[in-house]
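# Observations on the three-dimensional arrangement
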Amino acid sequence: MMPKARDTYLNRLIDSMDAPVIKVISGVRRCGKSTLLNLFESYLTSIGIEKERIVRIDTDTKDAKEKVSDWKGMYDLVAGQIKKGVRNYVLLDEVQNIDDWESALISMYTELDADLYVTGSNAMMLSPHLGTKLVGRFIEIPILPLSFKEYLDFTDSKNEDASFREYIKTGGFPSVALLHERPMLQKDMLMGIYSTVLDLDLAKKNEIRSTALLRDLAEYLIENIGNTVSAKSISDYLNRSGRKSNPHTIEDYLLMMERAFLLYRVRRYDISGKLRLKTLGKYYVVDPGFRGFIGGRPDGAGRILENIVYLELIRRGYEVSIGKVGSYEVDFIAKGWGDDIVYIQVTKTMSEESTAERELRPLLEIKDNHPKLIISMDPEMEDDHYGIKHRNIVRWLLGE
């Protein structure tokens, strides 16, 4: 089966071709990084690049593991396949599996006539080691599981509303989406991906011997996506629940989860004082499907929509914060280039007067003229509220 297109990411790779930087494709395990390399490799051959000039190595394969034991072995393996006298394209998958992989990459960058593309499932790839040694000569291309628009393409669905209900439950991991007609297999696949992230990218990578606290913490955060938390409040809750912990350990584990791209932390920003706040924050999970099989609070439907909107905003290149204006909270401040700022509230419905008032009030408290938006599952309204526009979430996700 030919891989489904992911044009947004593929076009970023194409646009960066032959630029004098290493292209680092980062993202959670199984989100489609390897498939993106496949698509890019196909593109290279379609424009006339001979296969002999393309070096593709997946460090997870048995063959690569037998040939490569350290960074020198990786360098030698690539250098031995380079075609002399012409430009080569080197595609390396999951490079974090190789000890001191940065040294191999630096040697390739400085000594070989090659355009380098690498993938990895840990944000430590972008540690100070890489930045210092290469003096900023790399760009990151973060990749997420499928957007809803991509999900429709993967499932060949024409029923957008029904598909969105499925997307809320099963999320956007490509391998899961392709099983959309086999829901039990979808659940097994999701559980397998989740366990692999916890066991390999978190526990094994960080040498955590007891994973019970790690799993309890992950489940707590996924159940409470979109709620403001701190390391102390989390530790206090876990201690009350019989799981011994302390804020320092919780902070360490939270950072590990961010580095494995399991969770994303969003900090608070005081809109009136124009100040980033250090206390509290929110966490969102990388894919709504994880929330779907873990379960969660009965009032969580709006939080899942909030999670989906957050992921879409970062796909679109926005820097996202939680807004504070007086005693009110704005779900998202989305900042793009220059003066591009949008204030967003997300709710399941605006049908009840009390809900509408609650969602409108924070936006009405903001005194600048940047766009203000409420996103819900309601049909779109032609009239706005005091300049605040209302969008149906499906229409917004599809860019309509």
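Residues numbered from 1 in each chain as written. Predicted model: local features only at pLDDT ≥ 70, side-chain atom pairs only at ≥ 80, totals over all residues. Heavy atoms only, no water.

### Details of the overall build of the protein
Worth spelling out the cut-off: Runs of E in the DSSP output that reach at least two residues are strands. Runs of H or I that reach at least four are helices, and both are numbered from the N terminus. Residues are treated as being in contact if the distance between any of their heavy atoms lies within 4.5 Å. Charge assignment: positive for Lys and Arg, negative for Asp and Glu; neither His nor the chain ends contribute. Think of each charge as sitting on NZ of Lys, CZ of Arg, CG of Asp or CD of Glu.
Scanning the protein for helices and strands turns up 17 helices and twelve strands. Expressed along its principal axes, the backbone C-alpha trace of the protein runs to roughly 70 × 50 × 45 Å. Partitioning the contacts of the protein with sequence separation of at least 6, the portion at a separation of at least 24 is 66%. Positive and negative side-chain charges of the protein, numbering 56 and 61 respectively, have mean locations separated by a distance of 3 Å.

### Considering the layout of surface pockets
Operational definition: Grid spacing is 1 Å over the protein atoms alone, the probe is 1.4 Å, and a cavity is where that probe fits but cannot get out, while a pocket is an open set with protein on both sides within 12 Å along at least five of seven lines and lining residues have an atom within 4 Å of a point. Grid points are joined across faces, edges and corners, and a volume is the space filled by probe spheres set on the points. Side-chain classes follow a simple rule in which Ala, Val, Leu, Ile, Met, Phe, Trp, Tyr, Cys and Pro form the nonpolar group, Asp, Glu, Lys and Arg form the charged group, and the remainder, Gly included, forms the polar group.
The volume enclosed by the largest pocket comes to roughly 1,100 Å³. Of all the secondary structure elements, the ones that give two or more residues to the lining of the largest pocket are helix H1 (7-15), strand S5 (138-142), helix H7 (148-155), helix H13 (247-259), strand S6 (263-270) and helix H15 (301-315). Considering only residue class, the lining of the largest pocket consists of 17 nonpolar, six polar and 14 charged.

### A closer look at helix H10 (residues 183-204)
Note the cut-off: A helix's residues, less one, multiplied by 1.5 Å, set its expected span.
Its 22 residues give H10 an end-to-end C-alpha distance of 30 Å, which sits within 8% of 32 Å, the value for a rise of 1.5 Å per residue. On its buried face, H10 is in contact with helix H8 (160-170), helix H9 (174-177), helix H11 (212-223), H13 and helix H14 (288-294).

### Quick look at the confidence of the model for the protein
For clarity, the cut-off: Per-residue confidence from the predictor is reported as pLDDT, which spans 0 to 100.
Averaged over every residue, the pLDDT of the protein is 90; the share at 70 or more is 93%. Of all helices and strands in the protein, the one with the weakest mean pLDDT is helix H6 (residues 128-134) (55), whereas helix H17 (residues 393-397) scores best (97).

### A look at empty space enclosed by the protein
With the rule as written, the count across this model stands at one cavity of 30 Å³ or more. When its volume is computed, the largest cavity comes out at roughly 50 Å³. Taken together, Met74, Leu92, Val95, Ile98, Trp101, Ala104, Leu105 and Met108 form the lining of the largest cavity. Looking at the lining of the largest cavity residue by residue, the classes come out as eight nonpolar, no polar and no charged.

### Things to note about the packing of H11 against helix H12 (residues 231-240)
Quick note on the threshold: To get an axis, a line is fitted to the C-alpha atoms, and for a helix only the part in contact is used. The angle between two axes follows their N-to-C directions and goes from 0 to 180 degrees. Orientation labels follow simple angle bins: below 35 degrees gives roughly parallel, above 145 gives roughly antiparallel, 65 to 115 gives roughly perpendicular, and whatever is left gives oblique. Crossing handedness is read from the near helix: turned anticlockwise from the far helix by less than a right angle, it gives a left-handed crossing, and turned clockwise, a right-handed one.
Running from N to C, H11 and H12 cross one another at 115 degrees; their axes reach a closest spacing of 11 Å. In this view, H11 runs roughly perpendicular relative to H12, as classed from their interaxial angle. Here H11 and H12 pass one another in a crossing that is right-handed. Across the interface between the two elements, Leu213, Asp216, Leu217, Tyr220 and Leu221 from H11 touch Ile234, Tyr237 and Leu238 from H12. By residue class, the composition of the contact of H11 with H12 is seven nonpolar, no polar and one charged.

### Some thoughts on the pattern of salt bridges
For side chains of opposite charge, pairing can occur when their charged atoms come near one another. Counted only if it meets this: When a carboxyl oxygen of Asp or Glu lies within 4 Å of a side-chain nitrogen of Lys or Arg, that pair is called a salt bridge. Exposure classes here rest on a 1.4 Å probe applied to the protein chains alone. A residue is buried below 20% of its type maximum, exposed above 50%, and partly exposed in between.
Throughout the structure, instances matching the rule amount to 25 salt bridges. Note that Asp199 and Arg215 form a salt bridge whose closest N and O atoms lie 3.0 Å from each other. In this pair, Asp199 is assigned in helix H10 and Arg215 in helix H11, connecting sequence segments 16 residues apart. By relative accessible area, which is 35% here, Asp199 ends up partly exposed. A residue is classified by how much of its surface remains accessible, and Arg215, at 25% relative accessible area, is partly exposed. Salt-bridge contacts for Glu380 lead to Arg391; the nearest nitrogen and oxygen are separated by 2.7 Å. One end of the pair, Glu380, is in the loop between strand S11 (372-376) and strand S12 (389-392); the other, Arg391, is in strand S12, and eleven residues separate them in sequence. A cluster of three or more residues bridged by salt bridges with shared partners is formed by Lys282, Arg303, Glu306 and Glu329.

### Description of the nonpolar core
What counts here: Put simply, buried Ala, Val, Leu, Ile, Met, Phe, Trp, Tyr and Cys residues joined by side-chain atoms within 4.5 Å make one nonpolar core.
In this structure, Phe164, Leu221, Leu262 and Phe290 are the most contacted members of the largest nonpolar core, which totals 89 residues. With residues near it in sequence (within four places) discarded, Leu262 still touches Tyr194, Val197, Leu198, Leu202, Ala218, Met257, Tyr284, Val285, Val286 and Phe290. Judged by nonpolar contacts, the second largest core, of 25 residues, contains Ile57, Val90, Val95 and Phe138.

### Description of the packing of H1 against helix H2 (residues 33-46)
At a closest axis distance of 10 Å, the pairing of H1 and H2 adopts a crossing angle of 50 degrees. Judged by the angle between their axes, H1 and H2 are oblique. The handedness of the crossing between H1 and H2 comes out as right-handed. Of the residues in H2, those touching H1 at Tyr9, Leu10, Leu13 and Ile14 are Leu36, Leu39, Phe40 and Tyr43. Residues belonging to the contact of H1 with H2 are distributed by class as follows: eight nonpolar, no polar and no charged.

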